[in-house]
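# Residue-level structure breakdown
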Number of protein chains: 2
Amino acid sequence: MQKDKLIGVDLGGTTIKFAIMTEAGEIQQKWSIRTNVLDDGSHIVPDIIQSINHHLDLYDLPKERIIGIGMGAPGTVDFENGTVRAAYNLNWKETPVEVKSQIEAGTGLPLAIDNDANSAALGEQWRGAGENAQEVVFITLGTGVGGGIIHEGHLMHGATGTAGEVGHMVVKPHGYLCTCGNEGCLEQYASATGVVHIAQDLSEEYVGNSKLKALIDDGEEVTSKIVFDLAKEDDYLANKVVDEVAFYLGYAAGILANTLNPSAIVIGGGVSAAGQFLLNRVQANFEQFAFAPVRKSTAIKLAVLGNDAGAYGAGLLAKQNQAS
Amino acid sequence: MQKDKLIGVDLGGTTIKFAIMTEAGEIQQKWSIRTNVLDDGSHIVPDIIQSINHHLDLYDLPKERIIGIGMGAPGTVDFENGTVRAAYNLNWKETPVEVKSQIEAGTGLPLAIDNDANSAALGEQWRGAGENAQEVVFITLGTGVGGGIIHEGHLMHGATGTAGEVGHMVVKPHGYLCTCGNEGCLEQYASATGVVHIAQDLSEEYVGNSKLKALIDDGEEVTSKIVFDLAKEDDYLANKVVDEVAFYLGYAAGILANTLNPSAIVIGGGVSAAGQFLLNRVQANFEQFAFAPVRKSTAIKLAVLGNDAGAYGAGLLAKQNQAS
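Residues numbered from 1 in each chain as written. Chains lettered and ligands numbered in written order. Predicted model: local features only at pLDDT ≥ 70, side-chain atom pairs only at ≥ 80, totals over all residues. Heavy atoms only, no water.

### Focus: the overall build of chain A
Stated precisely, the cut-off is as follows: Segments assigned H or I by DSSP are reported as helices when at least four residues long, segments assigned E as strands when at least two residues long, and all are numbered from the N terminus. Relative accessibility under 20% of the residue-type maximum defines a buried residue, over 50% an exposed one, and the middle range a partly exposed one, all with a 1.4 Å probe and only protein chains included. Here, two residues are considered to be in contact whenever any of their heavy atoms come within 4.5 Å of each other. Computed by Shrake-Rupley with a 1.4 Å probe, the accessible areas treat only the displayed protein chains as cover when residues are assessed.
Scanning chain A for helices and strands turns up 12 helices and 12 strands. Here the C-alpha coordinates of chain A stretch approximately 70 × 50 × 35 Å along the principal axes. In chain A, which comprises 324 residues, the share counted as buried stands at 56%. By sequence separation, contacts in chain A at least 24 residues apart represent 62% of the contacts at least 6 residues apart. Split by element, the accessible area of chain A, about 13,000 Å² in all, is 48% carbon and sulfur.

Below, the structure written as structure tokens:
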């Protein structure tokens, strides 16, 4: 029987997403289960094993047809040994959890694992905005800022596994203090919390008319979505905030393009829901900072796969694991 | 007869350096010839062919023992097609010069070619400060600032061949105008001309006692070497200049480490002759900007091969060309 299917797993703090796809990355089945973080997250790996085995039965798919399983996981992932530690949103502590060996034993299938931002990067490169180009950089703007670098179609890990940590590129020396201990990291200017931080700061200095300023002064909860929505309604202060976010994103994209010369820099994550409105301003800033030869060769694009990026990328991890 | 020797060629605007080395990169013979840029540089390729053929005869080395030739060249190198254009210091114009096909025909040996900064990067990675680690970034501080990125032991080229152009990373938005048309490129702060530019700017604002200021005010020619020598003699202004150079270099190194997580960032070129004096200050700044996990895993090092880096790297290009 020919092996012709991949299983992609996207392990998150609230749900675990699964997809069965062809070798070409066409999803044929997908489902998800709730992440059970009780008892130090000790149910998570058994739940994954059970869910895969159950669904293969349900779809009448013999394991002989499965090339392998790929997984994107939060925390610090040791992709070589297949362990995960410090995944605090899974209630996993510093001690490494033996994800690979357990899932391989429980399913009888080979597992490849990487961190969730890398997995989403690979998904967008393969089946999303990257259009399967071989050189792609992915930046995801969520609660934090993560990313992944794809070179010759494969993820770069660097010497100790932290390559692609674009959220901790310093874009403003002596800028906002970051959770990592440094100052001025991109994460502090382009994540959902960064957007709100900029809004609060600019609001303090601003004396003109602005609905955004009124909300902040009234102590209302302001989110990055509210900031972008108000900016689209021509709120002056909100537009100043978006300008600053776009400046730092365009600056970071320029540096990444000058260094890595990818064919695309793909921007995803919750903040990127602001869409073309944000992207146009990022592009304008990018052009100020990109070296002339890369200004045309590196395209700045919005991610297109949304929440499915991680599962797609996990599928490709499984496929590449077979080849290696 | 077993193939066991590599030929490395470092093509520069004033001299062409040659080395014959073992597969392990032990140089056994080296020599150089003057670069004859007359007649639109049309003698250069024939001179290289003649010199290689002549020296193989001289050393009684049959061509059957040569794995291949590698070359680092200035200008815009198309490493896939083996052509070079816009190498103005060779008097080669925009039109591509067919370097690979001519040298292969004239020597009967395969040629691999890359740009000179990439070739030097590969040399330092293989036989120099990189200690043959698989993930190394090289920054060369000369008249301009160039570089190369080595991933899994091979040069990264990116989508259109400009990966590793670290000299055009913007380190100061709206900073000094660069020859590339952008503002604030690293090249304008860390090249030999950049160091002098900073010295002139800081001198204008400085009113205290300084030998450097006196030289500038007297219209004497100031070089980056003079700036560093005076800084070592505790000249206050010269130290301010070195602080600024080290700040931007440390900043760039921090971004590169956060993005690529190499085991070493190697700094070479003429300006790096300032040695440990410069490196210590770069390191201190690097630590401010590097993400905690890479602060220890990425070492900032001085290049050690000097003018031989290009020839060593060219040798490795030849070796990798055989394997591909």
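### Points about the relation of the copies chain B and chain A
To keep it simple, the criterion reads: Here the copies are superposed with least squares, the fitted atoms being C-alpha atoms of residues at a pLDDT of at least 70 in both.
If you rotate chain B by 180 degrees and push it 0.0 Å along the axis, it lands on chain A with an RMSD of 0.0 Å. Accordingly, the operation relating the two chain copies is best matched by a two-fold axis.

### Digging into helix α9 (residues 236-260) of chain B
Residues and elements named next belong to chain B. Basically, it comes down to this: The span one expects for a helix is its residue count, reduced by one, times 1.5 Å.
Over its 25 residues, α9 extends 36 Å from the first C-alpha to the last, a length consistent with the 36 Å expected when each residue adds 1.5 Å. With respect to burial, α9 is a largely interior element, 21 of its 25 residues being buried. Trailing α9 by a residue or two, Asn261 shows a phi angle of about 50 degrees, which is positive.

### Let's talk about the packing of helix α9 (residues 236-260) of chain A against helix α10 (residues 276-289) of chain A
Residues and elements named next belong to chain A. Heads up, the rule is: Structural elements are reduced to axes, namely lines fitted to C-alpha atoms, with helices fitted over the stretch in contact, and the angle between N-to-C directions of any two is expressed from 0 to 180 degrees. Angle categories: roughly parallel below 35 degrees, roughly antiparallel above 145, roughly perpendicular from 65 to 115, and oblique for all the rest. Each crossing is labelled by how the near helix is turned from the far one, with a counterclockwise turn of less than a right angle marking it left-handed and a clockwise turn marking it right-handed. Polarity classes work like this: nonpolar for Ala, Val, Leu, Ile, Met, Phe, Trp, Tyr, Cys and Pro, charged for Asp, Glu, Lys and Arg, and polar for all others, with Gly in that last group.
Their axes nearest at 7 Å, the elements α9 and α10 cross at an angle of 50 degrees. Judged by the angle between their axes, α9 and α10 are oblique. In this structure, α9 crosses over α10, and the sense of that crossing is right-handed. Taken together, the residues that form the contact of α9 with α10 break down as 13 nonpolar, five polar and two charged.

### As for unusual backbone geometry
Residue Asn91 of chain A is not a glycine yet carries a positive backbone phi of 70 degrees. For Asn91 of chain A, the location among the structural elements is in the loop between β6 (83-85) and α3 (99-107). Look at Glu152 of chain B: it is not a glycine, yet its phi comes out positive at around 50 degrees. Position of Glu152 of chain B among the secondary structure elements: in the loop between β9 (145-151) and β10 (154-155).

### Quick look at the nonpolar core
Which entries qualify depends on this criterion: Throughout this description, the term nonpolar core refers to a set of buried Ala, Val, Leu, Ile, Met, Phe, Trp, Tyr and Cys residues connected via side-chain atoms within 4.5 Å.
Counting 117 residues, the largest nonpolar core has Leu278 of chain A together with Leu212 and Leu278 of chain B as its most contacted members. Setting aside residues no more than four positions away along its own chain, Leu278 of chain B makes contact with Phe228, Val242, Val245, Ala246, Leu249 and Val271 of chain B.

### Side note on the environment of Ile198 of chain A
All names here are of chain A. Here Ile198 shows up in helix α6 (residues 192-205). Since its relative accessible area comes to 0%, Ile198 is described here as buried. Along the chain, Ile198 and Lys240 lie 42 residues apart, while their C-alpha atoms are 9.3 Å from each other. What Ile198 contacts, discounting residues up to four positions off in sequence, is Tyr176, Tyr189, Val241, Glu244 and Val245.

### Some words on the side chain of Thr107 of chain A
All names here are of chain A. Here is the rule: Here a polar contact means two N or O atoms within 3.5 Å. Within protein one must be a hydrogen donor candidate and the other an acceptor candidate, and residues neighboring in sequence count only if both atoms are side-chain atoms.
Mapping Thr107 onto the fold places it in helix α3. Reaching out from Thr107, the side chain makes a polar contact with the backbone nitrogen of Leu109 at a distance of 3.1 Å. Those residues in contact with Thr107 that lie beyond four places of it in its chain are Ile49, Ile52, Asn53, Lys63 and Ile69.

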